[in-house]
Amino acid sequence: MAFTLAIVGRPNVGKSTLFNRLVGRRIALVDDRPGVTRDRREGDARLGDLEFTIIDTAGLEEADGGTLEARMRAQTEEAIRLADVVIFMVDARVGLTPDDHVFANLVRRSGKPVILAANKSEGKVGMAGAYEAFGLGLGDPVPLSAEHGEGLSELYDALAVHM
Ligand code: GDP
Ligand code: MG
């Protein structure tokens, strides 16, 4: 099985934007556990000379059964379970929210290696939020702009040590 990276975090932080930037070929719209993982997206990804499988968690409103919170938790836990390394993404412009802490606890409890990504970090506003992310206790945040393609060499460095 290829080295697998899962992108985890609350909705709207930019997970799919990073997925789309890194992925070359989409492997599957995963459909193995109806309601929970139906819209998990997997792809073959590349960052510099690193090649890996990447999992995007998203589209939770399309899952059915259980509360929204339970479905988000289940999908995220499944992605973490499959991952060798987890990217935990926060929105550096919004700053930390209660939902960020819920997802951070899932990642922390998994014991998997985690890369803390502070997305939307382009410009000064973003940098302030990136510093706030230190408070999660998940290590040094990697300031990233998935939309503008900034911070990818720092992401490379953070990922390369695990591969
Ligand atoms: P997801 O719900 O975590 O998958 O988030 P999306 O990838 O769908 O992105 C949510 C919104 O944030 C979209 O409007 C994106 O265009 C925007 N976005 C994603 N990455 C960045 C970024 O690096 N900077 C800014 N300013 N916006 C971003
Ligand atoms: Mg998404």
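What comes next concerns the included structure. This structure is a prediction, so every number in the text was calculated from the model and none was measured.

Focus on the site of ligand 1
In the vicinity of ligand 1 lie 15 residues, with G14, K15, S16, T17 and E147 positioned nearest. With three residues, the single largest contributor to the shell around ligand 1 is helix 1 (residues 15-22).

Considering unusual backbone geometry
Look at N12: it is not a glycine, yet its phi comes out positive at around 80 degrees. In this structure, N12 sits in the loop between strand 1 (4-8) and helix 1. The backbone phi angle of K120 is positive, close to 65 degrees, even though this residue is not glycine. Mapped onto the elements of the fold, K120 is located in the loop between strand 6 (114-119) and helix 4 (123-132).

Re helix 1
The complete set of buried residues in helix 1 reads K15, L18, F19 and L22. Taken end-on, helix 1 shows its buried residues confined to a sector of 105 degrees, consistent with a single buried face.

About the cut-offs
- Starting from 1, residues in each chain are numbered consecutively following that chain's sequence as written.
- Note on labels: chains are lettered from A, ligands numbered from 1, in written order.
- Local features in this predicted model are restricted to residues whose pLDDT is 70 or higher, and side-chain atom pairs enter the listing and the counts only when it is 80 or higher, whereas totals over whole chains, interfaces and linings include all residues.
- The criterion for a residue being near a molecule or strand is simple: its C-beta atom, placed using the backbone, must lie within 6 Å of it.
- The helix and strand labels rest on DSSP assignments: H or I over at least four residues marks a helix, E over at least two residues marks a strand, and numbering proceeds from the N terminus.
- Each residue is classified by how many other C-beta atoms fall within 10 Å of its C-beta atom, where C-beta atoms are placed from the backbone; a count of 20 or more means buried, 12 or fewer means exposed, and values in between mean partly exposed.
- Within this analysis, the arc is defined by the directions that extend from the helix axis to the C-beta atoms.

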